Structures are given as structure tokens and as C-alpha cells.
Amino acid sequence: MVHIPTGDPSPTYTRHELPINFSASDTNPTMSRRLPSLPRYLFSRSIDDVTAPDVRKVVHTYSLSIGGVDIRLFITIEPLRELSREHIFYLSLKAGALERPISEPTTLRLTVDPRDLKFVVFAYPPRACLPQGCLYSLRVWLRAGDIDHRLFSEDSLWIGKDPDFYAIQDAAYARLRNVTSQMLVYKVAMGRALVDFTIRWRHKYGKVYGLSLEYDGCGVGSILFSELIVSLDCPPELLDFVIYTIPITSKPRGATHRIRLWLRVPAQVESASASENNMPSAKFIYQRIWSTDHFKVGNHLDFSTLSPKMVMGVPHGDGPKTSSSPSERLFYRGEDRLADVKQPTYGEPTDSSKELL
């Protein structure tokens with residue numbers, strides 16, 4: 001059994017005993033979604049990836065401490081094409097046993113040697129937040145001669161060592177209900193609605209995995225995100241998550257919720273074995289990897305409260321009918337009909353100027 005620190009808000013946030021099998025052959029298909037691109041140095045050395053050729057690159061490493069966590073930032077520079085002056089800049093963050101890309105890549109034209117570049121890297125807490133001391137703004141500037149160029153800007157970097165989630169009032173925490181070799185299933189009460197959240201991981205190459213999150217409520221659900229890339233120095237079975245929801249005043253009541261997803265990894269690679277052996281001294285690093293303020297779900301919502309002039313629809317005829325005809329997608333413009341299908345808006349970027357939780 002894996003020991004969960006006393007600071008963990010969920011009383012049943014405990015794994016069942018599970019054999020650790022850090023196998024490169026584990027796969028599970030997921031849907032794709034645009035996320036920060038993966039720096040190629042994360043996988044170019046892998047013998048498992050025979051399709052991606054080696055790319056000549058320069059990696060600048062910077063260290064800093066935020067939220068009580070010692071982190072490393074990797075700035076990777078690759079030529080856009082062979083012998084091209086256009087270069088792509090990637091930024092990734094490593095904390096504990098996990099590395100992940102942050103921010104979108106930036107392309108710049110260089111007439112200087114990438115090895116001679118200098119950078120200014122800093123972070124600062126923009127405002128108060130809950131859990132306390134976990135929110136930072138990150139900036140990376142490129143210094144070439146007397147000129148500074150801003151490369152990366154991230155205003156919602158949430159990271160901390162054993163944060164106090166109990167300080168968040170009115171939060172409802174998801175409880176771990178099922179564990180398999182490739183997924184975790186959590187259940188949470190969102191108002192009066194019980195919803196399942198399933199987190200899956202799919203092995204990609206070497207130490208690199210793609211995470212996905214989906215929800216289900218009474219047989220209806222959606223993929224909230226997929227292919228969130230992480231590189232692990234520990235088996236994926238040692239990953240843990242904190243999922244909690246916060247109610248929002250809405251009409252009808254109980255229809256809108258905030259969702260926060262935090263990822264927990266061992267603070268040190270060697271502490272991974274300690275956490276597996278239920279050692280109380282094991283320390284963990286938490287990073288918030290996804291959030292939304294617009295999750296719409298409820299239990300028997302009272303829509304009559306929306307307006308006294310509201311007109312309700314009623315079923316027509318004897319019920320639904322089945323027929324065969326050209327797809328309804330033909331009514332939507334665009335060469336790629338599939339791309340025009342509207343997707344749920346869950347996971348929209350939260351308003352960083354108002355977000356405190």
C-alpha cells in the first residue's frame with residue numbers, strides 16, 4: 001500500500017496494492033488535442049523510437065526554487081530545417097521525478113551560435129492564492145548582445161510541495177474508486193450529481209507518456225483532454241492525482257462548477273521506492289496540470305428558475321425515429337467536416353486575473 005501524506009484531503013485517496021510493471025509495451029489509444037509540443041530531446045535518445053531521427057540541438061539548463069520546490073528549466077533550441085537559420089525554442093520544467101513541456105514553442109531567426117545565447121529566467125508570485133504559495137508567473141527572456149527578447153510567459157504555474165488543500169473552502173474532493181495497470185477512476189459529487197473521472201496513461205517512447213482525462217455521468221461523457229505529455233523517472237503507477245470541484249453561483253442552481261486537477265509525483269527519484277513501501281518520510285511535489293471554470297453538469301436541475309417567460313419544449317410524436325440518410329455534417333461549412341463539429345468547451349483557459357483557487 002502506498003502511504004498518502006496527512007495533508008491529502010481525500011480520506012480514501014489511497015491506492016490498492018498494485019504490482020509495478022514499468023513496461024515500454026503498455027499502450028492505450030487516446031484522442032489527440034493541441035497541447036504544448038514535446039521537446040525532442042525527451043525522446044531522441046530512446047531506442048524505442050525508431051521513426052524519429054536524431055536532431056542536433058542545444059539545451060540550456062536553469063535552476064530555481066519556487067513553492068518550496070527545486071526545479072530545472074530546460075530551454076531547447078533546434079533548427080527548423082537542416083542548415084536553416086530559423087530555430088525553434090522549447091521550454092520544459094522538471095520537478096522531482098517528472099518533466100513536462102510548458103508554454104508553446106517559439107520560432108526565431110538566429111545568426112549567432114545557439115550555444116552563445118544567454119537567458120534571463122525568473123518567477124514571482126503574482127497574487128494570493130489557495131493553496132497558499134503555489135501560484136507563480138514565469139518569464140524567460142533571451143539576451144543577445146544588448147538586446148533582450150521575451151521568449152516565454154506563463155502566468156498560471158501552479159506547483160508546491162505538500163500544499164494544504166484543506167484551506168480551500170467548499171471544495172469537494174474526488175475519491176479513488178478503481179485502479180488498473182493503465183488508469184485510475186475517481187468519483188466526485190458535483191452538487192447532487194455523481195460523476196466519474198478516469199485518468200489514463202499511454203506509453204509513447206522511453207520515459208515519455210501521454211495522459212488523458214475523461215468524465216462520465218450516467219453513461220454520458222467526454223474526453224476533457226488527451227496527450228498531455230510527461231516524462232517520468234518513476235513508473236507511471238506511482239502517479240497520484242488530486243481532483244476537486246468548487247461550486248459556482250449559477251442559474252439553474254448547481255449547474256456550473258470549477259474543476260482543478262493536480263498531479264503528484266515523488267520529490268526525488270529515490271523516494272519513489274519509499275512511497276511504494278509506505279514510508280511516512282516520503283515527500284511529494286504537486287503540480288496543477290488542468291482546470292476549468294465552466295463545467296456544466298447537474299442533477300435534476302430546476303430550469304424554471306431561469307425566467308418567468310421561459311417556454312419549455314415537449315417531445316413531439318411517438319418518440320425518436322431511426323433513418324438512413326447523408327450525414328448531418330454536410331450542413332456545416334469547411335473542407336474537413338469532422339473539424340467543424342463543435343466540441344465541449346470544458347477546459348477553457350481560466351481567467352488568470354480572477355483565478356484564485
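Notes on the structure in this doc start here. Model, not experiment: these values are computed from the prediction.

**Things to note about the sheet that holds strand β16 (residues 256-266)**
1) Next: As summarised here, the arrangement of the 7 strands in space is β6-β7-β8-β17-β16-β15-β9, forming an open sheet in which the pairing is antiparallel. Here the strands that pair on one side only, and so sit at the sheet edges, are β6 (118-124) and β9 (172-173).
2) Next: Of the strand pairs in this sheet, β9 and strand β15 (residues 240-247) are connected by 2 bridges, and their pairing is antiparallel. Along β15, the bridge assignment pairs Tyr173 with Tyr244.

**Some remarks on the pairing of strand β7 (residues 135-144)**
Working note: regular strand, side chains alternate between the two faces of the sheet.
1) Next: With respect to burial, β7 is a largely interior element, 7 of its 10 residues being buried.
2) Next: Here β6 runs beside β7; their pairing, made up of 7 bridges, is antiparallel. Each bridged residue has a counterpart across the sheet, and for Phe122 the counterpart in β7 is Arg139.
3) Next: Connecting β7 to the next strand, strand β8 (residues 147-161), in antiparallel fashion are 2 residues, including Gly145 with a positive phi near 65°.

**Considering the environment of Ala123**
1) Next: Of note, Ala123 is situated in strand β6.
2) Next: Overall, Ala123 belongs to the partly exposed group, its relative accessible area being 24%.
3) Next: Once the C-alpha coordinates of Ala123 and Arg139 are considered, the two residues, 16 residues apart in sequence, prove to be 6.3 Å apart.

Analysis parameters
- Residues numbered from 1 in each chain as written.
- Predicted model: local features only at pLDDT ≥ 70, side-chain atom pairs only at ≥ 80, totals over all residues.
- Heavy atoms only, no water.
- Pairing = 2+ DSSP bridges.
- Helix = DSSP H or I, 4+ residues; strand = E, 2+ residues; numbered from the N terminus.
- Buried < 20%, exposed > 50% of the residue type's maximum accessible area, 1.4 Å probe, protein only.

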